[in-house]
Amino acid sequence: MIPWEERRQLVKVATLYYTEGWTQEQIAKKIGVSRPIVSKMLQKAKEAGIIEIYIKDDSIHTVELEQKLENEYGLKDAVVVPTVGLTPDMVKQAVAKAGAYYLSKNLKSVKKLGISWGTTLAEVVKEFPYIRKEDVKVVPLEGGMGRRHVEIHANQLAHELAKKLNCTCLYLYAPAIVESAELKERLLAMPDIELVLEEGRTVDVAVIGIGNPHKLSTLRELGYLDENDLNYLRKLGVVGDIGFRFFDAAGNVVIDEFTNRVIGVSLEELKKVKQVIAIAGGIHKLDSIKGALNGRFIDVLVVDEQTAAAIVENW
């Protein structure tokens with residue numbers, strides 16, 4: 001039991017600090033003690049149950065999910081976006097908007113910024129604000145994909161993002177997927193292509209999406225994967241892809257005939273990048289995001305609340 005006089009003093013200090021908004025220094029002068037003593041008194045008041053702190057905001061649930069993801073997967077940061085009641089398209093837009101905001105606020109020391117491809121990243125670039133970062137260079141992490149859906153190609157996204165940053169960008173003048181491994185080797189021998197790939201390997205920050213080749217797959221929609229390919233990938237245990245590179249549920253890189261024809265930064269090279277920001281939303285990507293987390297391919301995850309909760313519930 002705390003003596004009445006001491007308890008009264010604890011209540012007084014707590015009231016001045018939490019209700020009246022006094023600083024610990026001001027309280028220390030008023031009651032004639034040092035500031036560290038005031039700090040200890042506040043801590044003792046918490047332990048005695050005199051102070052109970054409640055955070056009254058809907059964001060508390062998403063913040064708790066963020067902390068769990070960070071602790072479980074060793075992430076530098078996690079951003080969980082409230083998306084309850086939103087349609088799948090609205091979820092994608094909300095996650096992209098949060099990703100664009102996060103990226104725009106974390107470019108302080110970035111000189112080279114890499115960007116992958118996909119519909120989510122296209123939304124990120126669309127939501128990205130116009131800011132002046134003339135000393136940044138934007139680098140595509142993969143080649144292009146022909147004439148269809150040019151707006152989601154890495155080259156196009158690099159170009160659009162560079163315009164919003166008022167900076168320069170590079171272009172990878174090669175297909176993302178070529179006809180044979182031999183053709184890939186010949187293209188990689190070209191100095192202009194190898195130079196851009198080397199820049200991609202050494203970016204300060206890489207912004208990527210995460211795909212599920214089996215559900216709502218952009219790769220399938222664009223004609224790069226057919227049913228035979230998908231059955232083959234299932235047999236290999238593939239659950240997701242990053243920049244046309246596949247991985248399984250444990251995060252192991254899956255090398256197959258398809259990935260041997262890809263021109264871009266590999267998953268092994270991606271792991272060496274200082275900071276990789278993955279922006280992905282939708283419960284259909286649950287297994288894909290978990291696989292990427294297990295593989296430790298990413299440092300920052302921006303994800304929707306439903307998918308984050310499902311990840312936490314199924315460690």
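Residues numbered from 1 in each chain as written. Predicted model: local features only at pLDDT ≥ 70, side-chain atom pairs only at ≥ 80, totals over all residues. Heavy atoms only, no water.

## Points about the overall build of the protein
Here is step 1: Per the secondary structure count, the protein includes 14 helices and ten strands.
Here is step 2: Considering the protein as a whole, with its 315 residues, one finds that 50% of them fall into the buried category.
Here is step 3: Sequence separation of 24 or more characterises 71% of the internal contacts of the protein that already satisfy a separation of 6 or more.
Here is step 4: In the structure as shown, the protein presents an accessible area of about 16,200 Å², 51% of it carried by carbon and sulfur atoms.
Here is step 5: Within the protein, one finds 41 positive and 44 negative side-chain charges whose respective centroids are separated by 6 Å. (Helix = DSSP H or I, 4+ residues; strand = E, 2+ residues; numbered from the N terminus. Buried < 20%, exposed > 50% of the residue type's maximum accessible area, 1.4 Å probe, protein only. Contact = heavy atoms within 4.5 Å. Areas by Shrake-Rupley, 256 points an atom, 1.4 Å probe, with all protein chains shown as cover. Lys, Arg positive; Asp, Glu negative; His and termini not counted. Charge placed at Lys NZ, Arg CZ, Asp CG, Glu CD.)

## Considering the sheet that holds strand β3 (residues 137–140)
Here is step 1: Strand order in this open sheet of seven strands is β1-β10-β9-β5-β2-β3-β4, and the pairing throughout is parallel. Because the sheet does not close on itself, it has two edges, and the strands there are β1 (77–81) and β4 (168–169).
Here is step 2: With five bridges joining them, β1 and strand β10 (residues 300–304) adopt parallel strand pairing. Bridging across to β10, Asp77 finds its partner in Val300.
Here is step 3: Here helix α14 (residues 305–313) sits on the sheet in contact with β1 and β10, set at roughly 110° to β10. (Pairing = 2+ DSSP bridges. Axes fitted to C-alpha atoms, helices over the stretch in contact; angles between N-to-C directions.)

## A short note on the nonpolar core
Here is step 1: Formed by 49 residues in total, the largest nonpolar core has its most connected members in Leu113, Val138 and Leu165.
Here is step 2: In terms of residue count, the dominant contributor to this core is helix α5 (residues 88–104) (seven residues).
Here is step 3: Sequence-distant contacts of Leu165, that is, excluding residues within four places in its chain, are made with Leu107, Leu113, Phe128, Ile131, Arg132, Lys133, Glu134, Val136 and Val138.
Here is step 4: Counting residues in hydrophobic clusters, the runner-up holds 43 residues, among them Val178, Leu187, Val265 and Val312. (Core = buried A, V, L, I, M, F, W, Y, C linked by side-chain atoms within 4.5 Å.)

## Brief notes about the environment of Ala162
Here is step 1: Mapped onto the fold, Ala162 is located in helix α7 (residues 154–165).
Here is step 2: On the basis of relative accessibility, which here comes to 4%, the residue Ala162 falls in the buried class.
Here is step 3: Taking the C-alpha atoms as reference, Ala162 lies 24 Å from Val79; in sequence the two are 83 residues apart.
Here is step 4: The contacts of Ala162, once residues within four sequence positions are left out, are Val138, Cys167, Thr168 and Cys169.

## So, the sheet that holds strand β8 (residues 253–254)
Here is step 1: Reading across from one edge, β6-β7-β8 is the order of the three strands in this open sheet, with antiparallel pairing throughout. The outermost strands of the open sheet, each flanked by one partner alone, are β6 (238–242) and β8.
Here is step 2: Direction of pairing for β6 relative to strand β7 (residues 245–248): antiparallel, over a ladder of four bridges. Note that in β7 the partner of Ile242 across the bridge is Arg245.
Here is step 3: Across the sheet, helix α13 (residues 286–294) lies against β6 and β7, angled at about 70° from β6, the strand it touches most.

## As for the pairing of β7
Here is step 1: Here β7 shows two buried faces, one formed by Arg245 and Phe247 and the other by Phe246 and Asp248.
Here is step 2: Taken together, β6 and the strand that follows it, β7, pair antiparallel across an intervening segment of two residues, in which Gly243 is found at a positive phi of about 55°.
Here is step 3: Where β7 and β8 come together, two bridges link them in antiparallel fashion. Within β8, the residue paired with Phe246 across the bridge is Val254.
Here is step 4: Counted along the chain from β7 to the antiparallel partner β8, the turn is four residues long, and its residue Gly251 has a positive phi close to 90°.

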